[in-house]
Amino acid sequence: MDLFQILLFLHVLGAVVAFGPGFASMVVGPMVAKEPQHANFYARSQALAARAVVTPVSISMAITGGAMILDRGWSNLVGTTHWLEVAILLYVIAVVLSMAVMAPASRKLVALTSQPPAPGQPPSPALPATARRIRLMGMVLSGPVVVIVFLMIAKPF
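Residues numbered from 1 in each chain as written. Predicted model: local features only at pLDDT ≥ 70, side-chain atom pairs only at ≥ 80, totals over all residues. Heavy atoms only, no water.

Engineer: Before we move on, could you go through the side chain of Ser 106 and cite the residues and values that matter?
Structural biologist: Counting through the fold element by element, Ser 106 comes out in helix H3 (residues 82-114). Judged by relative accessible area, which is 15%, Ser 106 ranks as buried. Those residues within four positions of Ser 106 in sequence are excluded, and the remaining contacts are Ala 47 and Ile 134. (Helix = DSSP H or I, 4+ residues; strand = E, 2+ residues; numbered from the N terminus. Buried < 20%, exposed > 50% of the residue type's maximum accessible area, 1.4 Å probe, protein only. Contact = heavy atoms within 4.5 Å.)

Shown next as structure tokens:
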């Protein structure tokens, strides 16, 4: 096994580890909405997973991807590299959105779910709005992941 194959293995493994939890949250999130007593635990676990696993592993993908490019050379990565350029751009956009929008919203959701409302009071109106923002951003971020996987496999242009 050569260096490129090792880097490719680490890169693909990184994608599974970094982006898999986001797809699982599409199933678990609606369950929490039906059982709000678990909202804080879920919000804290998602924020911790993002901080401890998703973010560092997704950033490691830039390192393994860059190392593969250095190993093979930009022009030697299967003919034209427009597919790679688009994938890198989508990756950068997704990471920036994740750090600039999703991470602060996740921290806000943890804070909002840390204190139950006073007896007889409804939850803060910021709670469903923040949960909605996270849900929508999760769906938005899933799009580039799917497109990047397609581009990496099909190399269409």
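Engineer: Give a description of the packing of helix H1 (residues 3-34) against helix H2 (residues 39-72) that names residues and reports values.
Structural biologist: Across the interface, H1 lies against H2 with an axial gap of 8 Å and an inter-helix angle of 155°. By the angle between their directions, the pair H1 and H2 is classed as roughly antiparallel. In this structure, H1 meets H2 at a crossing whose hand is left-handed. By residue class, the composition of the contact of H1 with H2 is 20 nonpolar, eight polar and two charged. (Axes fitted to C-alpha atoms, helices over the stretch in contact; angles between N-to-C directions. Parallel < 35°, antiparallel > 145°, perpendicular 65-115°, else oblique. Left-handed = near helix turned anticlockwise from the far one by under 90°. Nonpolar A, V, L, I, M, F, W, Y, C, P; charged D, E, K, R; others polar.)

Engineer: Report on unusual backbone geometry, specifying residues and quantitative values.
Structural biologist: The phi dihedral of Lys 155 falls on the positive side, at around 45°, and the residue is not glycine. Classification of Lys 155 by relative accessible area gives partly exposed; the value is 29%.

Engineer: A description of the environment of Ser 142 should follow, citing residues and the corresponding values.
Structural biologist: Mapped onto the elements, Ser 142 comes out in helix H4 (residues 126-154). Separated by 122 residues in sequence, Ser 142 and Gly 20 place their C-alpha atoms 9.9 Å apart.

Engineer: Kindly report on the packing of aromatic side chains, identifying the contributing residues and their values.
Structural biologist: Inspection of the entire model under this criterion finds zero aromatic pairs. Over the face of the ring belonging to Phe 4 we find Arg 72, whose NZ or CZ atom lies 3.8 Å from the ring centre. The side chain of Lys 155 reaches across the aromatic face of Trp 83, ending 4.9 Å from its centre. (Phe/Tyr/Trp six-rings, centres within 6.5 Å; stacked < 30°, edge-to-face > 60°. Lys NZ or Arg CZ within 6 Å of the ring centre and 35° of its normal.)

Engineer: Go over a nonpolar patch on the surface with me, naming the residues and quoting the values.
Structural biologist: There is a patch of nonpolar side chains on the surface, built from Met 1, Ile 6, Phe 9, Leu 10, Leu 13, Val 17 and Val 53 and spanning about 650 Å² of accessible area. The biggest single contributor to the nonpolar patch is H1, with five residues. If you trace the backbone, Val 53 turns up in helix H2. Taking the relative accessible area as the measure of exposure, Val 53 reaches 34% and is therefore partly exposed. (Patch = residues over 30% accessible without salt bridge, like charges linked within 9 Å, V, L, I, M, F, W, Y side chains within 5 Å. Areas by Shrake-Rupley, 256 points an atom, 1.4 Å probe, with all protein chains shown as cover. Salt bridge = Lys/Arg side-chain N within 4 Å of Asp/Glu carboxyl O.)

Engineer: Account for the pattern of salt bridges, with residues named and values stated.
Structural biologist: Once their charged atoms are close, side chains differing in charge can pair, the charge on each being opposite to the other. Per the stated rule, a full pass over the model turns up two salt bridges. Here Arg 72 and Asp 71 are joined by a salt bridge, their closest N and O atoms 3.9 Å apart. A relative accessible area of 33% means that Arg 72 is categorised as partly exposed. Through salt bridges with shared partners, a single network forms among Asp 2, Asp 71 and Arg 72.

Engineer: Account for the packing of H1 against H4, with residues named and values stated.
Structural biologist: Where H1 meets H4, the closest approach of the two axes is 11 Å, and the angle between their N-to-C directions is 130°. The angle between H1 and H4 places the two elements in the oblique class. Helix-helix and strand crossings are classified by hand; for H1 and H4 the assignment is left-handed. Only Ser 142, Val 145 and Val 146 of H4 make contact with H1, whose side of the interface consists of Phe 19, Phe 23 and Met 26. Split into classes, the residues belonging to the contact of H1 with H4 amount to five nonpolar, one polar and no charged.

Engineer: Tell me about the environment of Leu 109, and please be specific about residues and values.
Structural biologist: With respect to the element layout, Leu 109 can be found in helix H3. Leu 109 gets classed as buried once you look at its relative accessible area, which sits at 13%. Here the alpha-carbon distance between Leu 109 and Leu 90, two residues 19 residues apart in the chain, equals 26 Å. Apart from the residues within four sequence positions on either side, Leu 109 is in contact with Ala 43, Leu 127, Thr 130, Ala 131 and Ile 134.

On their own, these measurements won't tell you what the molecule is for.
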